Amino acid sequence: MIHQMRQSTLQTLGLGSVLEIFQHGRLPVSADELVDRVFGKAGERGALVISGANGIVGAGKAMQLGSRLEPFGVPVIALDFPGVPDGMAKQYPGLVAAFGRGNANKIMGNIIRYSYDGKDLPEALSAHNPRFLLEAIPEILEVKKEHYKLFRSKFPDIDIWSVTSGFPSSALGVGIAHPAFPHEINKIWEIVEPVPSASSQLLWALGLIPMPVGDNWSFVLDVLFCGLTNAGTRFSEATNMPFWKADKYIRKYMGPNPFRAHDAIGAAGANFLSWSCLHHLSQHYGELFTPSSTFDEKKESGSNWYPPDHFRPVVDWSMNSEEYAEFNTWILGALFQMTSLMVHENRSHLAQMNLIGELCAQFSRGILAVIRSYGAEDARKLVEDYHKLDPAAAKKAWYPEVFDRIDTPEWQQLYVNVEHDGKVGVISINRESYNGDVNDELNRAIDWLKAAGIDHVIVSGDFHLSTQMTGADTTDFFPAVEDVQKGIDLSYSWSTTARRLNNEFKTSVGIINGKRCLGGYLELMMHCHYLVADENASLGMPEVTLPVIPGMEGCHWPFRKASPDQYPKLLRLLLTGKSMKAKDSVGWLTDFAGPLEATIQTAWKLASGGDHGLKRREVVQGNLPNVTKEIPKLEDTDDPSLQEARKAIIDCIESSCNAPLPEAISIQATLSGNFMTTSLFKKGVIGSAYMKTWKV
């Protein structure tokens, strides 16, 4: 029997739990079998039709799906009106950059383009046996319905999904696959269907990220992003703050630039789509979503939100504490109320709802994580304060009781889930960058396993929302730029959590199942007794290029598990910032690397006591002298900043390695924290981002 702290998001796709993947030694489904089910068997493959294929969405998805379906022999039919601008051709340079010219030509060669008049389908279409229609035509409900009727009259068994940005499935009469922007590269799809289907599972098997959501007006992404934009316009109207300045504060405290994003996408189209989304939402949920007068004007004019660059510095100012409180009330108050509506409607698994804001709307922290940090009482008060500024918003779509769920595992474990079968536990992490929220949730997950008496654990990505582990969330470092103790405390806290994987279990196994594992996440995973990886995963420690000193014991922990003859390899990893394939790291960084299925099976054998044949590399408890005695020849040594960063990391390696293990954690934390206040750090990638986003 499997015990779970909360439901796995993988289960919302009908694909079982993460623990079951390890128990069975394989992924739940393969792309081959699902392509057969959706498009027919090899030699008899039907086609994917994309209507509105020259638009931004249609062209982007033609590239994304076409690149993944071409190896399976699934033809892609691009259908649009004659004479419309050629959106497909604009995608070609991106394909070349991603796949090389030869593969890009193969992908484009598999896309067959047809024009039609909107009333009759091309006769030649039948020869391709269309099995699936992805509709990306304009947002006019009756036009969409007529479009579906046209296809069904000719191809009665065709499956149809709409990429609509607002209408529910119940209004359209078809399923929905609502994609996130940018459409060529963002992997998120909000899926509306009665039960998980082979089609949505196929998206997952192709490396995309489908997220089942409820059949409500508009979608989680649009509620958050369009809602944030509308809240920003109301704040600007109330305070007379220019949109570009409001954008800076929204970026500082929440992450996105909603006004700049509309301009970057193309204000004429983006303004209309956002207005349309808000308009339909307001018809069902009231004043909370009613487009502001500014939005009405922008929809009609299609004009940009930002003025010419040279006007901006002329009208600059900083907010005092009262103005900041008003900003929070207008922006977060509205967003908290919108979230209460979505939670009330059970629009999505809470972990998915939270991450849609991060992965799609560019929130630095998901909105549910932000609400959790406020607590139920303060979150409700902030919305009530917002209602004093906008009384009409209180009349509908306000569900304060949902915040009583904050203390449940579903809301407490937004990024880290944990399961066990009575003997082996699996901790799965679904956030691609490590931050304070992940750190807190990881500690709660470990506590949960220990309370259940579980002494054997696997630490893994979640096989769904997180396709990689990119390292630390560097926005968590921003407070340390001006306060050295905050940097020291952060490094010490994260390192203490990582050590629990080594100290509190009889067996811990870290498995790298995504395409890369970098920086802080690699430091976390190397604290496990065993580290196994997909052989093609990229592993790296890019801190020297930022620059920052590794803060989760990367400067001494891997050396304590390696033989002295392997020190030069670790030094090269730390001092160049260059990644390597996992298959080249066995014996000195990882313990096993192989095909994903073999890696999954090895992880389970290690954790469950099976015959694995691997020797555990012990952690040296005492001093490690001479670690930097033979520093390998390094490239790019003529860069003064790189030289200085390397020297700081070498100093940290020497200091933390030349100390016993109990003392090394404080030594490295102190050096890492101190470095974040230096001029070198402030001139680097993280420091520059801090100056851009926080010094407004």
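In short, a report on the structure. If you're wondering where the values come from, they're calculated on a predicted model, not measured in any experiment.

### Focus: the overall build of the protein
Link 1 in the chain: Check the secondary structure of the protein and you find 27 helices and 20 strands.
Link 2 in the chain: The principal-axis extents of the C-alpha atoms in the protein amount to approximately 80 × 65 × 55 Å.
Link 3 in the chain: Evaluated residue by residue, the protein yields a buried proportion of 58% over its 696 residues.
Link 4 in the chain: A fraction of 76% describes how many contacts in the protein between residues 6 or more apart in sequence connect residues 24 or more apart.
Link 5 in the chain: When the accessible surface of the protein is split by element, carbon and sulfur atoms take 52% of a total near 26700 Å².
Link 6 in the chain: Placing the 66 positive and 80 negative side-chain charges of the protein at their respective mean positions leaves the two points 3 Å apart.

### Thoughts on a nonpolar patch on the surface
Link 1 in the chain: Together, I56, F181 and I265 make up an exposed nonpolar region whose accessible area comes to about 250 Å².
Link 2 in the chain: Along the chain, F181 turns up in the loop between β7 (175-179) and β8 (188-192).
Link 3 in the chain: With relative accessibility at 36%, the residue F181 sits in the partly exposed group.

### Brief notes about the pairing of strand β5 (residues 130-135)
Link 1 in the chain: Taken across its 6 residues, β5 has 5 buried, putting it largely inside the fold.
Link 2 in the chain: Crossover β5 to strand β6 (residues 159-162) through helix α5 (residues 141-154) is right-handed.

### Brief notes about helix α19 (residues 484-503)
Link 1 in the chain: In this model α19 runs 28 Å from its N-terminal to its C-terminal C-alpha over 20 residues, within 8% of the 28 Å that 1.5 Å per residue would give.
Link 2 in the chain: When we look at burial in α19, the residues that qualify are G487, I488, L490, S491, W494, S495, T497, A498, R499, R500, L501 and N502.
Link 3 in the chain: Two or three places before Q485, at the opening of α19, D483 has a side-chain oxygen 3.1 Å from that residue's backbone nitrogen.

### Examining the sheet that holds strand β18 (residues 538-540)
Link 1 in the chain: Overall, mixed pairing links the 3 strands, which are arranged β16-β18-β19 in an open sheet. Each of the sheet's edge strands pairs with one partner strand only, and the pair in question is β16 (516-518) and β19 (580-581).
Link 2 in the chain: Across 2 bridges, the pairing between β18 and β19 is antiparallel. Counted as the bridge partner of S538 is K581 from β19.

### Observations regarding helix α8 (residues 220-239)
Link 1 in the chain: Between its terminal C-alpha atoms α8 stretches 28 Å, which fits the 28 Å expected from 20 residues at 1.5 Å a residue.
Link 2 in the chain: Of all the 20 residues making up α8, 17 are buried; the element is thus mostly covered by neighbouring parts of the structure.
Link 3 in the chain: Just past α8, the residue N240 takes up positive phi, approximately 65 degrees.

### Some points on the nonpolar core
Link 1 in the chain: Membership of the largest hydrophobic core comes to 168 residues, with the highest contact counts inside it found for F336, F403 and F559.
Link 2 in the chain: With 11 residues, the single largest contributor to this core is helix α13 (residues 321-344).

### Focus on the packing of aromatic side chains
Link 1 in the chain: Per the counting criterion, the structure on display carries 27 aromatic pairs.
Link 2 in the chain: Here the guanidinium or amino end of K299 rests over the ring plane of W275, the centre of that ring lying 4.1 Å away.
Link 3 in the chain: R431 extends its terminal NZ or CZ atom over the ring of Y415, reaching a point 5.3 Å from the ring centre.

### Topic: the state of the cysteines
Link 1 in the chain: Scanning the entire structure with this criterion turns up 0 disulfides.
Link 2 in the chain: Among the cysteines around C277, which has no disulfide bond, C226 carries the closest sulfur, lying 3.9 Å off.
Link 3 in the chain: Its sulfur unpaired, C517 is 10 Å from the next cysteine sulfur, which belongs to C528.

### Regarding the packing of helix α24 (residues 640-657) against helix α25 (residues 661-675)
Link 1 in the chain: Packing of α24 against α25 brings their axes to within 9 Å, and their N-to-C directions diverge by 160 degrees. Looking at the two axes, α24 sits roughly antiparallel to α25. The two elements α24 and α25 cross, and the hand of that crossing is right-handed. Across from A648, D651, C652, S655 and S656 in α24, the residues of α25 making contact are A664, I667, Q668, L671 and F675.

### Here we look at unusual backbone geometry
Link 1 in the chain: Looking along the chain, the bond that leaves F181 and enters P182 is cis, with omega of 0 degrees.
Link 2 in the chain: Structurally, P182 is set in the loop between β7 and β8.
Link 3 in the chain: Note the cis peptide between L546 and P547, where omega equals -15 degrees.
Link 4 in the chain: When you line up the elements, P547 lands in the loop between β18 and α21 (557-561).
Link 5 in the chain: The backbone of N240 shows a phi angle near 65 degrees, a positive value even though the residue is not glycine.
Link 6 in the chain: Residue classification places N240 among the exposed residues on the basis of a relative accessible area of 67%.
Link 7 in the chain: Its identity as a non-glycine residue notwithstanding, A397 has a phi of 60 degrees, on the positive side.
Link 8 in the chain: Tracing the sequence through the fold places A397 in the loop between α16 (376-389) and α17 (409-412).
Link 9 in the chain: Overall, the relative accessible area of 8% leaves A397 in the buried class.

### Examining the side chain of T507
Link 1 in the chain: Tracing the chain through its elements places T507 in strand β15 (residues 507-512).
Link 2 in the chain: Residue T507 is classed as buried on the basis of its relative accessible area, which comes to 12%.
Link 3 in the chain: Among the polar contacts made by the side chain of T507, one reaches the side chain of H456 at a distance of 3.2 Å.
Link 4 in the chain: If sequence neighbours within four positions are ignored, T507 has contacts with D455, H456, V457, H529, Y530, L606 and A607.

Analysis parameters
Residues numbered from 1 in each chain as written. Predicted model: local features only at pLDDT ≥ 70, side-chain atom pairs only at ≥ 80, totals over all residues. Heavy atoms only, no water. Helix = DSSP H or I, 4+ residues; strand = E, 2+ residues; numbered from the N terminus. Buried < 20%, exposed > 50% of the residue type's maximum accessible area, 1.4 Å probe, protein only. Contact = heavy atoms within 4.5 Å. Areas by Shrake-Rupley, 256 points an atom, 1.4 Å probe, with all protein chains shown as cover. Lys, Arg positive; Asp, Glu negative; His and termini not counted. Charge placed at Lys NZ, Arg CZ, Asp CG, Glu CD. Patch = residues over 30% accessible without salt bridge, like charges linked within 9 Å, V, L, I, M, F, W, Y side chains within 5 Å. Salt bridge = Lys/Arg side-chain N within 4 Å of Asp/Glu carboxyl O. Right-handed = clockwise from strand over helix to strand, strands pointing away. Expected span 1.5 Å × (residues − 1). Polar contact = N/O pair within 3.5 Å; in protein donor to acceptor, adjacent residues only side chain to side chain. Pairing = 2+ DSSP bridges. Core = buried A, V, L, I, M, F, W, Y, C linked by side-chain atoms within 4.5 Å. Phe/Tyr/Trp six-rings, centres within 6.5 Å; stacked < 30°, edge-to-face > 60°. Lys NZ or Arg CZ within 6 Å of the ring centre and 35° of its normal. Disulfide = S-S within 2.5 Å. Axes fitted to C-alpha atoms, helices over the stretch in contact; angles between N-to-C directions. Parallel < 35°, antiparallel > 145°, perpendicular 65-115°, else oblique. Left-handed = near helix turned anticlockwise from the far one by under 90°.

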